[in-house]
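The residues making up each chain are set out below.
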Amino acid sequence: NSFVPRTNTCGELRSAHVGQKVTLYGWVQYQRQGLFLVLRDFQGLTQVIIPQDEAHSHVRELLCSAPLESVLRVTGTVSPRPRGQENPKMPTGDIEVKAETAEILNSCKKLPFEIKDFTKKSEALRMQYRYLDLRSARLQSHLRLRSRLVMRMREYLCNLHGFVDVETPTLFKRTPGGAKEFLVPSREAGKFYSLPQSPQQFKQLLMVGGLDRYFQVARCYRDEGSRPDRQPEFTQIDIEMSFVDQAGIQKLIEGLLQHSWPEERGSIMTPFPSMTYEEALAEYGTDKPDTRFGMKIVDISDVLRGSNIHFVQNALSYPHGSIRAICIPQGVRYLTNKDLESLKESAKSQFNQEIMEIIRRPDGSLKSLLTKLLGEKEKSELIQALNMQEDDVVLLAAGEHKQVCSALGALRLLSANLLEAAGLALRDPTAFHFLWVVDFPLFLPKAENPTELESAHHPFTAPHPSDASLLYSDPTKVRSQHYDLVLNGNEVGGGSIRIHSAEQQRFVLEKVLKEDSEVLSHLIEALELGAPPHGGIALGLDRLISLIVDAPSIRDVIAFPKSFRGRDLMGNAPDYVTPEELEPYHIQVSWPLEEKEAKKN
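What counts, and where the lines are drawn
Residues numbered from 1 in each chain as written. Predicted model: local features only at pLDDT ≥ 70, side-chain atom pairs only at ≥ 80, totals over all residues. Heavy atoms only, no water. UniProt positions renumbered as here; feature names shortened; annotations may be inferred. Helix = DSSP H or I, 4+ residues; strand = E, 2+ residues; numbered from the N terminus. Contact = heavy atoms within 4.5 Å. Areas by Shrake-Rupley, 256 points an atom, 1.4 Å probe, with all protein chains shown as cover. Lys, Arg positive; Asp, Glu negative; His and termini not counted. Charge placed at Lys NZ, Arg CZ, Asp CG, Glu CD. Axes fitted to C-alpha atoms, helices over the stretch in contact; angles between N-to-C directions. Left-handed = near helix turned anticlockwise from the far one by under 90°. Nonpolar A, V, L, I, M, F, W, Y, C, P; charged D, E, K, R; others polar. Core = buried A, V, L, I, M, F, W, Y, C linked by side-chain atoms within 4.5 Å. Buried < 20%, exposed > 50% of the residue type's maximum accessible area, 1.4 Å probe, protein only. Domains from an automatic or database assignment. Pairing = 2+ DSSP bridges. Patch = residues over 30% accessible without salt bridge, like charges linked within 9 Å, V, L, I, M, F, W, Y side chains within 5 Å. Salt bridge = Lys/Arg side-chain N within 4 Å of Asp/Glu carboxyl O. Phe/Tyr/Trp six-rings, centres within 6.5 Å; stacked < 30°, edge-to-face > 60°.

- You'll find the protein chain entered in an unreviewed UniProt entry as SYDM protein, with Oxylabes madagascariensis given as the organism.
- For the protein chain, the Sequence similarities (unreviewed entry) comment in UniProt is given as "Belongs to the class-II aminoacyl-tRNA synthetase family. Type 1 subfamily."

Okay, here's the thing in structure tokens:
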């Protein structure tokens, strides 16, 4: 209560305050029959008794006439509630304040929605009136937890480990590769700034500058269009260190999270387990596995290799052919035929992958089109390999290794959702399973042209020391020093050890990625002028907080988020500007015909 005239907040009064005269400020949450009202501020609620005697008639009239969500100042005396009227659900439920004077500081007109967490309202309406939505206890709690966590991170990095908090520029130039960047026009004809998708180049240059340890709560920008649960502007905890290796970065982040982790969410154990990219793909079908539950992908190629089944032999004849399966526990009991058909259709539409199902009946026998073609020995080995129990359902896929694993990985998550919707507890919502995924490939084939390569992480990632020579002979086989941090199946951080050799950086850009290295001439020149070995990581703050508080969307942990189409529904941005405002930037807008007509109207 420093710097303000209130004596207490609405959430702190207790029985120990009985008899004290207090001044409270807050919003009218509720008013009942002219007898009492509930005053709310950021910390909680206090019941205020409306005086009924004639001497305070003006106070009664004022409090009774105050519309909900009006802002009040109330002065009165703290009293114990009458016996039997205590409210154990309220921290202030043992007391009430008998109002003596009051003032309406601002009256509230009719609200577009009630300020209550249980009130159903569309997300579009909530975002249009975001300043009202922020009054809810849920959003207040999320933003305050976020603030505390960031403060603890600063304390750990700056005070305990000597990191320097540096602000890097927002206006810069286009970076080759990676996500699409927003362009900002300049007054020089034809020249544009870019909003950085991360401070990647700057943090590397800070290492060249000898800062040794850098950190920033960085605003980043990506023009990714309409993508659910993504934001065009987002925040990351950005970190870079000199003379560090992968193990050093991982230990730093584990200590950082352990130090800053909210006490009310329990404790987290370190070190975090680690898994290679190839292991993650083979066992979970994704590079961000949710390890809170089993249902791992199992390789059954050897079990079926001796069979005469045509599609099996066809799949195994390819260089990377594979037969794999997942076992859905109690699938017969919890999944309907419609569910199983939707799973198979999903694999077909998303991955062009056919799926065959196998059911283990209560008598131990197998039901499937496949089992007619298998001998008893193969059936027994199949049951053993997949650890099939009664009423389990197996989904089997055959084909190219990566496609098969990706399809089964997606079905694993969809099956988990269906099982939980049907009442089977599979994933503990209070558990936090961190995992490092390492040894990613350095390069991947481009989706639009598989004969060309792109960086799996970004073009500044260093090759794995054991694979450095392959960079010049067979870059597709090179592993990287790139590491991702995964939490409950969500990527919450990613980083790498960087290339600190100008020659190697130039080779990667020009020869492997076929990019114009001139765009990065400033960085390459810096690498030639005594750049130390360095590496770093960025944690996605919005995603991390949303997982900690179990929010359905990252928009629920950002004060003023954009809609999933990238619009600010409150301020109606982006918005039109006049031709006169565009003139200094040498820009003219070419309107599509239908937009021209709409603009006229």
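Still more ground to cover, so stick around.
**Describing the overall build of the protein chain**
Right, so step 1: Along the backbone of the protein chain there are 19 helices and 22 strands.
Right, so step 2: Taken along the three principal axes of its C-alpha coordinates, the protein chain extends 95 × 75 × 60 Å.
Right, so step 3: For the protein chain, contacts bridging at least 24 residues in sequence account for 66% of all contacts bridging at least 6.
Right, so step 4: Carbon and sulfur atoms make up 51% of the accessible area of the protein chain, which amounts to about 30,900 Å² in all.
Right, so step 5: The protein chain carries 71 positive and 79 negative side-chain charges, and their two centres are separated by 4 Å.

**Considerations on the packing of helix α11 (residues 337-351) against helix α13 (residues 401-421)**
Each pair of packed helices can be described by the angle between their axes along with the distance between the axes.
Right, so step 1: Two numbers describe how α11 lies on α13: the axes approach to 10 Å, and their chain directions differ by 145 degrees. Relative to α13, the crossing made by α11 is right-handed. Across from Asp339, Leu343, Ser346, Ala347 and Phe351 in α11, the residues of α13 making contact are Gln403, Ser406, Ala407, Ala410, Leu411, Leu414, Ser415 and Leu418.
Right, so step 2: Grouping the amino acids of the contact of α11 with α13 by side-chain chemistry returns 8 nonpolar, 4 polar and 1 charged.

**With respect to the nonpolar core**
Right, so step 1: One finds Ile239, Ile253, Leu257, Phe434 and Leu485 to be the most contacted residues of the largest nonpolar core, which totals 40 residues.
Right, so step 2: For this core, the secondary-structure elements that each account for two or more residues are α4 (137-161), β10 (233-242), α6 (246-260), β17 (434-438), β20 (482-487), β21 (490-497), β22 (534-540) and α17 (541-548).
Right, so step 3: The element best represented in this core is α4, accounting for 6 residues.
Right, so step 4: With 23 residues, the next largest nonpolar core counts Phe293, Val393, Ala397 and Ala416 among its residues.

**Focus: the domain arrangement of the protein chain**
Right, so step 1: For the protein chain, the domain assignment lists domain 1 (15-106), domain 2 (139-275 + 433-556) and domain 3 (293-422).
Right, so step 2: For domain 1 and domain 2, the distance between their C-alpha centroids amounts to 51 Å.

**Regarding the pairing of β17**
Right, so step 1: Counting buried positions along β17 gives 5 out of 5 residues, so the element sits mostly inside the fold.
Right, so step 2: Covered by surrounding structure in β17 are Phe434, Trp436 and Val438 together with Leu435 and Val437, the residues of both alternating faces.
Right, so step 3: Sheet topology note: the strand β11 (residues 274-276)/β17 ladder contains 3 bridges and is parallel. Within the sheet, the bridge partner assigned to Met275 lies in β17 and is Val437.
Right, so step 4: Where β17 lies against β20, 4 bridges are found, and the strand directions are antiparallel. Bridge pairing links Phe434 to Leu487 in β20.

**Side note on helix α5 (residues 200-208)**
Right, so step 1: Among the 9 residues that make up α5, 7 are buried, leaving the element largely enclosed by the rest of the structure.
Right, so step 2: Every buried residue of α5 is listed here: Gln200, Gln201, Phe202, Lys203, Gln204, Leu206 and Met207.
Right, so step 3: Close packing links the buried residues of α5 with β9 (213-221), β10, α16 (521-527) and β22.
Right, so step 4: Following α5 by one or two positions, Gly210 has its phi on the positive side, about 85 degrees.

**What about the sheet that holds strand β5 (residues 95-106)?**
Right, so step 1: The sheet built from 5 strands closes into a barrel, its strands ordered β1-β2-β3-β5-β4 with mixed pairing. With direction set aside, neighbouring strand axes in the sheet form an average angle of 55 degrees.
Right, so step 2: As paired strands, strand β3 (residues 44-49) and β5 are joined by 2 bridges and run parallel to one another. Following the sheet pairing, Val48 is matched in β5 by Val97.
Right, so step 3: In this fold helix α1 (residues 57-65) packs onto β1 (21-32), β2 (36-41), β4 (71-80) and β5, with an angle of close to 75 degrees to the strand it touches most, β5.

**Here's the deal with the environment of Glu341**
Right, so step 1: By the secondary structure assignment, Glu341 is in helix α11.
Right, so step 2: Assessed through its relative accessible area of 46%, Glu341 is described here as partly exposed.
Right, so step 3: Spatially, the C-alpha atoms of Glu341 and Glu357 are 9.9 Å apart, while their sequence positions differ by 16 residues.

**A few points about a nonpolar patch on the surface**
Right, so step 1: Together, Tyr131, Phe560 and Met570 give the surface a local cluster of nonpolar side chains, amounting to about 300 Å² of exposed area.
Right, so step 2: Positionally, Phe560 belongs in the loop between α17 and α18 (579-582).

**Description of the packing of aromatic side chains**
Right, so step 1: Inspection of the entire model under this criterion finds 10 aromatic pairs.
Right, so step 2: For the ring pair Tyr129 and Tyr131, a centre distance of 6.2 Å and an interplane angle of 75 degrees mean the geometry is edge-to-face.
Right, so step 3: A ring pair is formed by Tyr576 and Trp591, whose centres lie 5.3 Å apart and whose planes are at 55 degrees; its orientation type is tilted. Here Trp591 lies in the loop between α18 and α19 (593-600) and Tyr576 lies in the loop between α17 and α18, a separation of 15 residues in the sequence.
Right, so step 4: With relative accessibility at 51%, the residue Tyr576 sits in the exposed group.
Right, so step 5: Site record: aromatic cluster; members linked through ring pairs are Trp261, Phe272, Phe432 and Phe434.

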